[in-house]
Structures are given as structure tokens and as C-alpha cells.
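Read off the chains here:
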Amino acid sequence: MEERKNLDERQKMTDLERLRHSAAHVLAAAIAQLWPDAQFAAGPPVEDGFYYDVDLKHRISPEDFPAIEAEMKKLIKANQVFEKVIVTRDQALADAKAGRLAALGNREVPSKFKLDIIEGIPADEPVSYFKTGEFIDLCAGPHVMRTGNVGAFKVTSVASAYYKGDEKNSQLQRIYGTAFKNKTQMDEYFTMLEEAKKRDHRKIGAEMGLYVMDTEYVGPGLPLWLPKGTVIVEELEKLAKETEFAAGYVRVKTPHLAKEKMYKTSGHLPYYAESMFPPMDLSEDRGSSQEAIQHIDDVAKSDLDFTKRLLAIRKIVEIEGKTDATALKELFHSFDEKVSVGKKLIEDERHGNTERYYLKAMNCPHHHRIFAAEPHSYRDLPLRLAEYGTCYRYEQSGELFGLMRVRSLNMNDAHIYCTPEQFASEFNAVNEMYLKYFKIFGLEKYQMRFSTSAPEGLGKKYVDEPALWKQTEDMVRQVLIDSKINFVEVANEAAFYGPKIDVQVWSAIGREFTIATNQVDFAVPKRFGLTYRDKDNTEKTPLCIHRAPLGTHERFIGFLIEHYAGNFPLWLAPEQVRVLTIGDEAAVVDYANGITNELRAQQVRVVADCGTNNIKGKIQSAEVAKVHTMLVIGGRDLEAGNVSVRLHGKGNIGAKPKAEAIANILQAIASRQG
RNA sequence: GCCGGCAUAGCUCAAUUGGCAGAGCAUCUGAUUUGUAAUCAGAAGGUUAUCGGUUCAAGUCCGAUUGCCGGCUCCA
């Protein structure tokens, strides 16, 4: 559920947010005009505009937008004043019951969501309305002065959302719109959207042949990297490996799955099981499990009242492997006799000869076992284990999104085991590495989101180690402050094992992406009993830093596609150079092939186009394929020992001696520039 | 997973009230011998996502399934 903003925070709204918030009221008033029985929930400004959640029998569709916009236009033209009215709590409750809130007049049914919201307003906060004409809405403000201040607006889409974001609550229609001071700014916004659409990684990825989703044979969210996409994958790996090698990392390789014991020990199962693929059961003797299920089925049949709960247990036994005795007691206490048999079977199963394997959703436990494989002295630390590890996460079907949200992912992962004394410099070095990468990719805008725990989550969402939480959070905060890195702190979003930093970057067209992560782990190494021998000859548990500066191949490349609009710099370009001949005279073709071979011998990704097509056609196809550098070769070039260089999107830059052109290409690739 | 929308050739899109599935690009064949963003001609390409239903007749109407898209919740 979204945190409720207090009045101080509300006053901090920017002018644009205020305008959009007001536009949301105008939208609600327009909808109330068209459908008087509409029940409104909340209508805040959001990043690109605003929305209002409404409960309405009529399904609003894009076909309704013109009518809604027309109503809004009338209200804006009327230039109604946003009039703030402070009311007593009783008055507000009475009005809500009379259906008067978020409405044009009294109604037969109460304004149910507003009623609920009033009840949630803290006692020390005043209750206020905003009135525009006959439309009265419960609202703390702030607003613009008049509806006429909403200069330009558009209703953009409709989607569904749960009341207060909780799936247990009723489902509402969320009407999205956007608003700006004037039409010029709104046009700029829509131009940006158009640009984003053109740069959509799914579109460009398909056009350039970078990856495909074979949902029929492989599965949704499981991308296949085509040869051209694999080039990018491997160039990024090369960059990461070089950078990590220089920073003192060592590389390891681990399998894609592990026994259940791994994730029971790590503590991931209770926190993370939902996000993992269901386990593979390799038990030699599955009898007990089958028997338990059979028994439970029989019990279920024997008493319909309990069917539902029994099926829930059956599911737990069958899938989750959770056989919590307390939960069983609670559910079955009135069923002692029947249940005792089932319980016994389940216990047998738990202690039985089970072999359950999970596809790994993260690499850390494997790395922990590598740490555990050999004894360590404080002299070995920090130990930095790096791996481009393939993980599998069972993302909900509705979450999958091109390369940005997938079920198989390759993480630029590493785990740094260090002493508390080493922590600050190690953590800082990781942050420095991020900045280094940002420079290479030309990312000017970034922000680190520092996520901390919340006291009420200890023992539930987070491991119950209050002292360690405080200690590590303080350490991280200090590093961030000392290094003057741009960061914001958000409470209650940490990983279960420690505070974390998510790195947000903005692409060339200003869209935000969460790319990388950097997490502190003071809990899991302890659970695996990892230790090193310290100077004082005692065994101590190391701290662990999880870090993934390039996130996953999948998301990072998705981001890069948009960032570069598919026009990759030379070092990343799937096809770096294409040699184009003018005609197919043998001498010209020989010269072209010679250049092609020379480049290929230097590891340059080069293709020769020596066919009989005319040069315009060859250039057209090279440009469409976003080939970075085109070397055009005709009789003139052959005679002079030149090549004519043409750069994608930049046009012809003229003839150059062959050796010079090749040297320039090699230099640009080696320096990862251009 | 939930709500809503969508699904026609490799890609982008056509197909009148239900009445013979079609075009451009890409592909293949041949011709064209060309100086910086598309040379010409021909061929091939389809159980209209899948399964079921209504109908004399279904790409078109109805139902289910799968996938994708926009959101919600979640997240690298």
C-alpha cells in the first residue's frame, strides 16, 4: 500500500504536480457529470501525469475519452475556483454518507472510498474539501487557483488497480491522463513518447536480430540470444571481466541448480520461494509423499467443510515442502483423529529420503559454498568472487516485459567477503566501479537508492538482527556521504539479509531504469557458518557485499538498445564494418576482400558486400542494418590505395589511405570510444 | 497471478453487412556493372495463434486456452 503523504510533504508538490493534481479533480468532475454513480477513490499526480481511481459499472474505454475530455474542457473554460473548505470530521463523515463527496450532489449511496479515507486521516490533521463549482471532493490539496490554470491535458489510458494497491481490495478502473502548463510542453512530452516508442528495445531488438522470444518451444520470458545479440552480451562480459580483474576479483563458475538444503540454509525459501521455479523432486522413494497426498484427498472428500483448507495443505506438501507443525495444528485442531495420520505421513516425508533441486534464483549461496570449501585467514580477505551467473526467476506472467523483465537472467554478479574494517573501502570501490561504467556508456544522470529496513519488519520481512542492521546501514550511509555520491534513502525496501543500493539511470531520452544493485549481507554468511581466522586467532564471520554493476545482460542490453536507439558505439556494434564495392569487377573485389580479411584478422566484425547491386542500394541496406562504419570501394580507391569511409547516420566522411582507416577503426574499438 | 485490450506471410499492414485471404519490404532465381539511403523482372511464402461452437458459408460471430501489450502487485 502506498504510504500516505502528510501535509508537509504535500506542500512540497512542485507546480507541475499541483497542476496535475488539479487536473485529476477536473477529470473526476467530468466523469461525475457523465456517470453520476461513479465512486472515486484516490487521484494523485504521478510521474508523467495523473490518474483517478474510479469504481463504475460502465467500463470506460478509449472510446469514452473524447466525451470525458469534452466535459473537462468545459470545466476548464468555466475557469472555476478551487475553493478550500475546512470541515469538521463529523461534517465530512455526514457528507460522505450522503454520497456528497467526489460528486456533484447528494446520492443514494455513500461515497464509500472517501468514507474510508476520512477514517484514515490522523486526528491531528484538519479535514478539508476542495470545491470546483458543484463538485466537492475530499482533498488536502494543494491545488492551482482555478481550473483554467490547467493549460493542456489529455486522457491517455485506462487500466485497473486495486483500492490502496492491495489485491484483497476491490478492483477499480484507473483513468490516466497528463497535463501541462501549455500545449507546447505537452507536445514535447508526446514527441518524447513517440521517440521512446521508436527506441523500444523489443522493436529494435527484433529489427536488428539481437534476440527472439520463442514462447512456443522455450517459454515466455526466456530470450534466445541471436548471433548479433550475443556479440553485445560478450562485449559486455569482456568489459566486466577486464574491469573486475583490474579491481582484484577472481572468477568462479557454478551450476544452475542446487539442492533444497542450499535455500533452506540461506533462508531464501521463506522469503523468496514465490519467485523461484518450483522444485524438481528427485526422491528415490516418493511413496510417502504420494501417500500423504492420497490420505489428505480422502479426508477432503469425507468432509466438505474442510475441503478448502485441506487442499491448501495438500498444495503446501506437494509444492512448497513447507510442513509447519503449528500451521497444521491450527488448521486441524478439531480433526485430531483423521489428521494425526496425515501429520505422521507428512513428518515421514519431511525426514524421508527427499532430493529436491531448485534452479538457482541467485548466485550467492553457491559462492558461499565456494568460500566454505577452503579455510580462510584474514590475510585472504577481501575475497572477491565474480561470475556471470545464469539465474532463473519465476516472475509472474503479467510481469514479463521484453528483455527488461525475464525469467532467465545472466547477472554480472560478484560477492565480496571482507572484514568490517575493510567494508567501507570495498563498498566505496564498488560504487566507483559503477561511475566508471556510467562514463563508458555516457550516462550523465544517475541516482543511488539506498534502501534500509523498518523496525516493524524485523523477524518478518528482515532477519531479526537489530544491532547489525543499524551498524551496516550506518556504514553504508557514511560511505555514500563521504564519496559525495548522489543518493536518496528509502525505508523498508532492504533485502531480507541487509541494506541495499539500487542504481537508477536515465537513458538518452530521459527514461528511468533500475539497472544495478549493491547489497550488504551480514546474515547469510553466518547461516552458512562461513568464517575466517582473524589476527587474534578467533573465527569470525565475514561481511558480504553482493554487487551487480551491469545488472543482468538482459535488462542492461534492453536499456542500451533504447539509450543508443540501436546505434551502438563501434566496440559494441554487432556488425562493426561493412565493405561495399562499387560493381563487382575482379580487381575491386580482390582489394575489398583483402581489407575485409585484414580487419577480420584483427578481430573486427566485418562483412563484405561485393555483389552487383548498385552502391546506393548497398548503402541503404547497411544503413538500415545500423552498420557502424561503411568502407566504400571503387576503382578510384583501388588506384589510390584508399577507402571511402562512411559512418552510420553521419554520412560520407571522405577517402582515406587504407592503413589510416584501419588504424582508426582499431583504435576506436580498443578505447571503447565512438 | 489480477483487470482490460490485442493476435492475418519472417516484418509492416489490407480483406465492404459473415461470401474465392491480398500488397509492400525481406527471401530465392535471373537480368542489371553502377561513386554514397532502395535497378528491374519472375518465383516462392498461409490449417488467419491453438482448440471447440454457431452458420449453407467464419479471418470476420460466440466460448475456452496460449502468448503479447497497457496497468496493478512484484522486481535485476
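These numbers were taken from a predicted model, which means no experiment stands behind them.

A short note on the overall build of chain A
Thought 1: For chain A, the count of helices and strands is 23 helices and 28 strands.
Thought 2: Out of the 674 residues in chain A, the part that is buried amounts to 50%.
Thought 3: Just so you have it, chain A exposes about 33,100 Å², and 51% of that area is on carbon and sulfur atoms.

Remarks on the packing of aromatic side chains
Thought 1: Scanning the model with the defined rule gives 19 aromatic pairs in all.
Thought 2: Between Phe 40 and Tyr 52 the ring centres are 5.1 Å apart and the planes differ by 75°, which places this aromatic pair in the edge-to-face class. Remark: Tyr 52 occurs in strand 3 (residues 49–55) and Phe 40 occurs in strand 1 (residues 39–40); sequence separation between them is 12 residues.
Thought 3: Residue classification places Phe 40 among the buried positions, given a relative accessible area of 1%.
Thought 4: A residue is classified by how much of its surface remains accessible, and Tyr 52, at 2% relative accessible area, is buried.
Thought 5: With a centroid separation of 5.0 Å and 70° between ring planes, the pair formed by Phe 496 and Tyr 497 is classed as edge-to-face.

Side note on the protein's contact with RNA strand B
Thought 1: Close contacts around RNA strand B come from 52 residues, with Ser 397, Arg 405, Asp 584, Thr 612 and Arg 636 the closest.
Thought 2: Close to the protein, within 4 Å, the atoms of RNA strand B are drawn from sugar and phosphate at a rate of 45%.
Thought 3: Contacts to RNA strand B include Arg 202, whose side-chain N or O atom sits 3.0 Å from a phosphate oxygen.
Thought 4: Between a base nitrogen of RNA strand B and a side-chain N or O atom of Gln 396, the distance comes to 3.1 Å.
Thought 5: No other element matches the six residues that helix 21 (residues 615–624) contributes to the surface near RNA strand B.
Thought 6: By residue class, the composition of the surface near RNA strand B is 15 nonpolar, 21 polar and 16 charged.

Overview of the nonpolar core
Thought 1: Residues Leu 236, Phe 423, Phe 441, Val 505, Leu 560, Phe 568 and Leu 572 are the most contacted members of the largest nonpolar core, which totals 84 residues.
Thought 2: Residue contributions to this core peak at seven residues, all from helix 16 (residues 420–440).

Section: the packing of helix 8 (residues 227–246) against helix 16
Thought 1: Interaxial distance between helix 8 and helix 16 falls to 12 Å at its minimum, and their mutual angle equals 140°. By the angle between their axes, helix 8 is oblique relative to helix 16. Here helix 8 and helix 16 pass one another in a crossing that is right-handed. Contacts between helix 8 and helix 16 involve Leu 239, Ala 240, Thr 243 and Glu 244 on the former and, on the latter, Met 433, Lys 436, Tyr 437 and Ile 440.
Thought 2: Class assignment of the residues belonging to the contact of helix 8 with helix 16 gives a composition of five nonpolar, one polar and two charged.

Quick word on the sheet that holds strand 12 (residues 257–259)
Thought 1: On the basis of which strands lie adjacent, the open sheet formed by three strands has the order 12-14-13 and antiparallel pairing. The outermost strands of the open sheet, each flanked by one partner alone, are strand 12 and strand 13 (280–281).
Thought 2: The sheet contact formed by strand 13 and strand 14 (residues 356–359) spans two bridges and is antiparallel. Residue pairing in the sheet places Met 280 in a bridge with Tyr 357 of strand 14.

Details of a nonpolar patch on the surface
Thought 1: Side chains of Val 212, Tyr 217, Val 218 and Leu 224 sit close together on the surface and give an oily, nonpolar patch of about 380 Å² of accessible area.
Thought 2: Tracing the sequence through the fold places Val 212 in strand 9 (residues 211–213).
Thought 3: By relative accessible area, Val 212 is classed as partly exposed at 34%.

Some details on unusual backbone geometry
Thought 1: Following Leu 381, the chain continues into Pro 382 via a peptide bond in cis, with omega recorded as -5°.
Thought 2: Within the secondary structure, Pro 382 sits in the loop between helix 15 (364–372) and strand 15 (383–392).
Thought 3: Positive phi outside glycine occurs at Asn 79, with the angle close to 55°.
Thought 4: Mapped onto the elements of the fold, Asn 79 is located in the loop between helix 3 (65–78) and strand 4 (83–87).
Thought 5: Residue Ala 565 is not a glycine yet carries a positive backbone phi of 55°.

Rules used throughout
- Residues numbered from 1 in each chain as written.
- Chains lettered and ligands numbered in written order.
- Predicted model: local features only at pLDDT ≥ 70, side-chain atom pairs only at ≥ 80, totals over all residues.
- Heavy atoms only, no water.
- Helix = DSSP H or I, 4+ residues; strand = E, 2+ residues; numbered from the N terminus.
- Buried < 20%, exposed > 50% of the residue type's maximum accessible area, 1.4 Å probe, protein only.
- Areas by Shrake-Rupley, 256 points an atom, 1.4 Å probe, with all protein chains shown as cover.
- Phe/Tyr/Trp six-rings, centres within 6.5 Å; stacked < 30°, edge-to-face > 60°.
- Near = heavy atom within 4 Å.
- Polar contact = N/O pair within 3.5 Å; in protein donor to acceptor, adjacent residues only side chain to side chain.
- Nonpolar A, V, L, I, M, F, W, Y, C, P; charged D, E, K, R; others polar.
- Core = buried A, V, L, I, M, F, W, Y, C linked by side-chain atoms within 4.5 Å.
- Axes fitted to C-alpha atoms, helices over the stretch in contact; angles between N-to-C directions.
- Parallel < 35°, antiparallel > 145°, perpendicular 65-115°, else oblique.
- Left-handed = near helix turned anticlockwise from the far one by under 90°.
- Contact = heavy atoms within 4.5 Å.
- Pairing = 2+ DSSP bridges.
- Patch = residues over 30% accessible without salt bridge, like charges linked within 9 Å, V, L, I, M, F, W, Y side chains within 5 Å.
- Salt bridge = Lys/Arg side-chain N within 4 Å of Asp/Glu carboxyl O.

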